[in-house]
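# Analysis of the macromolecular model
Residue strings, one per chain:
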Amino acid sequence: MASLLDRKLLVVTGKGGVGKTTITAALGLLAAGRGLRTIMVEVGDQRRLPALLGVPSEAEHGVEVELGNGLWSLTIDPDRVLHRWLSKLGGRVSARVLGSSSTFQYFVAAAPGAREMLSLVELWDLSQEQRGRRGAGYDLVILDAPATGHALAMLRSPRTFAAIARVGPLAGQARKLQKLLEDPARCGYLAVALGTELAVTETIELQQALRDELARDLDATLLNGALPQRFDGEELAQIEAVGADGEGAGTNGEAALLATALRAARAVHERGRTQQNQIARLRRQRSGEQASARVLSVPFIFQPELGLADVEQIADLLGRKL
Ligand SMILES: Nc1ncnc2c1ncn2[C@@H]1O[C@H](COP(=O)(O)OP(=O)(O)O)[C@@H](O)[C@H]1O
Ligand SMILES: [Mg+2]
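Attention here is on the structure that accompanies the text. None of the values given here were measured: they were computed from a predicted structure. (Residues numbered from 1 in each chain as written. Chains lettered and ligands numbered in written order. Predicted model: local features only at pLDDT ≥ 70, side-chain atom pairs only at ≥ 80, totals over all residues. Heavy atoms only, no water.)

### Section: the site of ligand 1
- Around ligand 1, a shell composed of 14 residues is seen, among which G17, K20, T22, R48 and I301 lie nearest.
- Between ligand 1 and the protein, one listed contact pairs an oxygen atom with a backbone N or O atom of V18 at 3.2 Å.
- Contacts to ligand 1 include R48, whose side-chain N or O atom sits 2.4 Å from an oxygen atom.
- Protein contacts shield 75% of the accessible area of ligand 1, which totals 560 Å² for the unbound molecule.
- Top contributing element to the shell around ligand 1 by residue count: helix α2 (residues 20–33), with three residues. (Near = heavy atom within 4 Å. Polar contact = N/O pair within 3.5 Å; in protein donor to acceptor, adjacent residues only side chain to side chain. Areas by Shrake-Rupley, 256 points an atom, 1.4 Å probe, with all protein chains shown as cover. Helix = DSSP H or I, 4+ residues; strand = E, 2+ residues; numbered from the N terminus.)

Okay, here's the thing in C-alpha cells:
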C-alpha cells in the first residue's frame, strides 16, 4: 500500500453505509502519520470527518479544516461549486440572471457533468503546489466519494465535458483531469464493501465501469465489518448437539438463556460464513489481474458508535496490511 499512498488522489468508493467515511478517516490518519500532508474531502451534505476524528467543526462548505498532525478535511458541494463558477463569469452576464435558479437549472441541463467536473477541478487544485494565498499543495487528496452512481458520474464528467466543450479553458481542464484519473501513478481507486451478496455485486459492477470508462482497475477492495470466525467445526458440532437436547440446562430460565445464546452463536457463525463466501467471490474476480489488486478485510468493531480510537485501530491494521 506504500505505493497507494504515493498517489496524488485516492478515490474511496462504495455503496452508502458500507464504511467509506470510516475508511477514508483511517487512510487519512495513516497517510498523515507517514508524514504526508493529507486532506480528506467529503461531498455534498456530508460533513462527518472532523467529528469522527474528535475535532467538532462548524466550518462552512469549501473551508479547509485543520485536524492536526498534517491532516485536514474539507466538504465540497457540487451545486455551490457551480454557482461560484457561474458568478465568476460575472461581467458578461448580470448577477441577477446568474443568481436565478432557472439559469442554474438551465446550465445544469445544458452542460451535464459540469458540477461534477468543477468539483474535480477543486480537488486537483488542492494538490497543486502553487495555490496562491492558500499555501502549499497537499501531498495526498483522499476523496470520500458519494455513493457509487454519483461517484461514477463524477469520474465520468471530464470525458463528458470534453466532448461538449472542445475548446476553451474548461476543455483544457477536462483533458487534464481525464489524464489524472487514468494515470495509475497519480490516482488510486479503493472500493469499500460489506460482505453481502448485494454489496459485492455492486463492487464488481463498479470495477467493470472503471475498466470500461477509465481503463483502470480497483487498487484494492476493503471488505469492511468482517466478523471473527469464533468457532471451529468441532465446537459448532458441540453447539448443535447442546441445542438439540437442551443438555446442561437446569431451570426453564436457564434453558431459555442457553437457547438464545446458541441461536446468537449460530447466527454470527452463519454471517461470518456468508462473508467468507463473498470474499472468495471477490478474490475470484481478481485472479489473473495485476498483483497489486487486493481484497483486505477490516474487522467489525463492536462499539455503539465509532470514534477516534476505533479509527486509529483500523488505520494501524491497514498500515500493517498495505
Ligand atoms: N469496521 C466497522 N465496525 C463497526 N462499525 C463500523 C465499521 N465501519 C463503519 N462502521 C459504522 O457503520 C456506519 C456507516 O459507516 P460510514 O463510514 O459512515 O459509511 P459510509 O460513509 O459508506 O456511508 C457508521 O455508523 C460507522 O460507525
Ligand atoms: Mg459517508
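### Considerations on the packing of helix α7 (residues 114–126) against helix α9 (residues 169–182)
- Relative to each other, α7 and α9 sit at 65 degrees, their axes nearing to 10 Å. The angle between α7 and α9 falls in the class roughly perpendicular. In the packing of α7 onto α9, the handedness of the crossing is left-handed. Counted together, M117, L118, L120, V121 and W124 of α7 and L170, Q173, A174, K176, L177, L180 and L181 of α9 form the full contact between these two elements.
- Along the lines of polarity and charge, the residues of the contact of α7 with α9 split into 10 nonpolar, one polar and one charged. (Axes fitted to C-alpha atoms, helices over the stretch in contact; angles between N-to-C directions. Parallel < 35°, antiparallel > 145°, perpendicular 65-115°, else oblique. Left-handed = near helix turned anticlockwise from the far one by under 90°. Contact = heavy atoms within 4.5 Å. Nonpolar A, V, L, I, M, F, W, Y, C, P; charged D, E, K, R; others polar.)

### Structural notes on the pattern of salt bridges
- Following the criterion strictly, the structure yields 10 salt bridges and no others.
- One salt bridge in this structure joins D217 and R211, with 2.8 Å as the shortest N-O distance.
- In this structure, R216 and D219 form a salt bridge, with 3.6 Å as the shortest nitrogen-oxygen distance. As far as the burial class goes, R216 and D219 line up, both buried.
- What emerges from the salt-bridge pattern is a single network uniting R7, R216 and D219. (Salt bridge = Lys/Arg side-chain N within 4 Å of Asp/Glu carboxyl O. Buried < 20%, exposed > 50% of the residue type's maximum accessible area, 1.4 Å probe, protein only.)

### Some details on the environment of A309
- Locating A309 in the fold gives a position in helix α13 (residues 308–321).
- Sequence spacing of A309 and L53 is 256 residues, and the spatial spacing of their C-alpha atoms is 8.6 Å.

### Here's the deal with the sheet that holds strand β7 (residues 220–226)
- A sheet is described by the order of its strands in space; here eight strands give the open sequence β3-β4-β2-β5-β1-β6-β7-β8, paired in mixed fashion. In this open sheet, the two strands that pair with only one neighbour each are β3 (65–68) and β8 (294–299). Recorded for the sheet is a direction-independent mean angle of 25 degrees between the axes of neighbouring strands.
- Inspection of the sheet shows strand β2 (residues 38–43) paired to strand β4 (residues 71–76) by six bridges, in the parallel sense. When the sheet's bridge partners are listed, V43 is paired in β4 with I76.
- Each of β1 (9–13), β6 (187–194) and β7 touches helix α10 (residues 197–214); the most contacted strand, β6, lies at about 160 degrees to it. (Pairing = 2+ DSSP bridges.)

### Thoughts on the environment of D316
- Following the sequence through the fold, D316 ends up in helix α13.
- Residue D316 is classed as exposed on the basis of its relative accessible area, which comes to 51%.

### Some words on unusual backbone geometry
- If you check the backbone angles, N69 has positive phi at about 50 degrees while not being a glycine.
- With respect to the helices and strands, the residue N69 is situated in the loop between β3 and β4.
- Positioned with a positive phi, A215 is a non-glycine residue whose angle comes to about 55 degrees.
- Structurally, A215 is set in the loop between α10 and β7.

### Quick notes on the nonpolar core
- Of all hydrophobic cores here, the largest spans 46 residues; its most connected members are L9, V41, L123, L143 and Y189.
- Looking at this core element by element, the count peaks at eight residues for α7.
- Sequence-distant contacts of Y189, that is, excluding residues within four places in its chain, are made with V11, L155, L181, L210, L214, R216, D217, L218, D219 and A220.
- L49, L190, L296 and I301 belong to the second-largest nonpolar core, a separate cluster that totals 35 residues. (Core = buried A, V, L, I, M, F, W, Y, C linked by side-chain atoms within 4.5 Å.)

### Brief notes about the side chain of S157
- Note that S157 resides in helix α8 (residues 148–164).
- The exposure class of S157 is buried, given its relative accessible area of 0%.
- A distance of 3.3 Å separates a polar side-chain atom of S157 from the backbone nitrogen of M117.
- Contacts of S157, omitting those with residues within four sequence positions, involve G113, E116, M117 and L120.

### Notes on the environment of K176
- Position of K176 relative to the elements: it lies in helix α9.
- With 135 residues separating them in the primary sequence, K176 and V311 have C-alpha atoms 34 Å apart.

### Here's the deal with helix α4 (residues 78–89)
- Spanning 12 residues, α4 covers 17 Å between terminal C-alpha atoms, matching the ideal 16 Å at 1.5 Å per step.
- P78, V81, L82 and L86 are the residues of α4 that are buried. For α4, the arc enclosing every buried residue in end-on projection is 130 degrees, short of the 170-degree limit, so these residues lie on one face.
- A distance of 2.9 Å separates the backbone nitrogen of D79 from a side-chain oxygen at the start of α4, and that oxygen is part of D77. (Expected span 1.5 Å × (residues − 1). Arc of directions from axis to C-beta.)

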